[in-house]
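# Close look at the chain arrangement
This is what each chain is made of:
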Amino acid sequence: FELGLIFLPVLTTKTKLRMGAGLAARFMDLSVRSGKGWVTQQASSPGTALRLGFERRLSHQISVGPDLAYRSSLNGETFDKSAWDASFRLN
């Protein structure tokens, strides 16, 4: 899950910049097959999340735009490290 604040400054009449930051948590199950069978590890790690993107209004109720997000773990003892995510948003 992720809890964040999003700031939407207006660039033009139909375009907004999307900037955000927040806290996130990941819950992971990792299963590895070994000579003795399956070995399962579980981990959870808190982290930070940063987001940057644009939002273009198509109509009064519909907007679209790309987002780029970076997530980083606050706990160095798990196998969760950092990740970049790109998405295309439809609101």
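Notes on the structure in this doc start here. (Residues numbered from 1 in each chain as written. Predicted model: local features only at pLDDT ≥ 70, side-chain atom pairs only at ≥ 80, totals over all residues. Heavy atoms only, no water.)

## A few points about the packing of aromatic side chains
Tallied over the full model, the rule gives 2 aromatic pairs. Judged by centre distance (6.4 Å) and plane angle (25 degrees), the ring pair of F1 and F27 falls under stacked. Placement of F1 in the segment before β1 (2-7) and of F27 in strand β2 (residues 15-34) is noted, with a sequence separation of 26 residues between them. The exposure classification of F1 matches that of F27, with both residues exposed. Ring geometry for Y70 and W84: centres 4.7 Å apart, planes at 45 degrees, overall tilted. Residue Y70 is found in strand β4 (residues 63-73), and its partner W84 is found in strand β5 (residues 82-90); the two are separated by 14 residues along the sequence. Take W84: its relative accessible area is 61%, and that puts it in the exposed class. (Phe/Tyr/Trp six-rings, centres within 6.5 Å; stacked < 30°, edge-to-face > 60°. Helix = DSSP H or I, 4+ residues; strand = E, 2+ residues; numbered from the N terminus. Buried < 20%, exposed > 50% of the residue type's maximum accessible area, 1.4 Å probe, protein only.)

## Digging into a nonpolar patch on the surface
Together, F7, M19 and L52 make up an exposed nonpolar region whose accessible area comes to about 290 Å². Here L52 lies in strand β3 (residues 37-57). (Patch = residues over 30% accessible without salt bridge, like charges linked within 9 Å, V, L, I, M, F, W, Y side chains within 5 Å. Areas by Shrake-Rupley, 256 points an atom, 1.4 Å probe, with all protein chains shown as cover. Salt bridge = Lys/Arg side-chain N within 4 Å of Asp/Glu carboxyl O.)

## Comments concerning the pattern of salt bridges
Scanning all chains against the criterion turns up 7 salt bridges. Between R89 and D67 there is a salt bridge, with its nearest N and O atoms 2.7 Å apart. Linking R89 in strand β5 with D67 in strand β4, this pair joins segments that are 22 residues apart in sequence. Judged by its relative accessible area of 4%, D67 falls in the buried class. A salt bridge links R71 to D85, with the nearest nitrogen and oxygen atoms 2.3 Å apart. With R71 in strand β4 and D85 in strand β5, the pair connects residues that are 14 residues apart, well separated along the chain. By relative accessible area, R71 is classed as buried at 18%. Connected via shared salt-bridge partners are E2, R18, R51, E55, D67, R71, D85 and R89.

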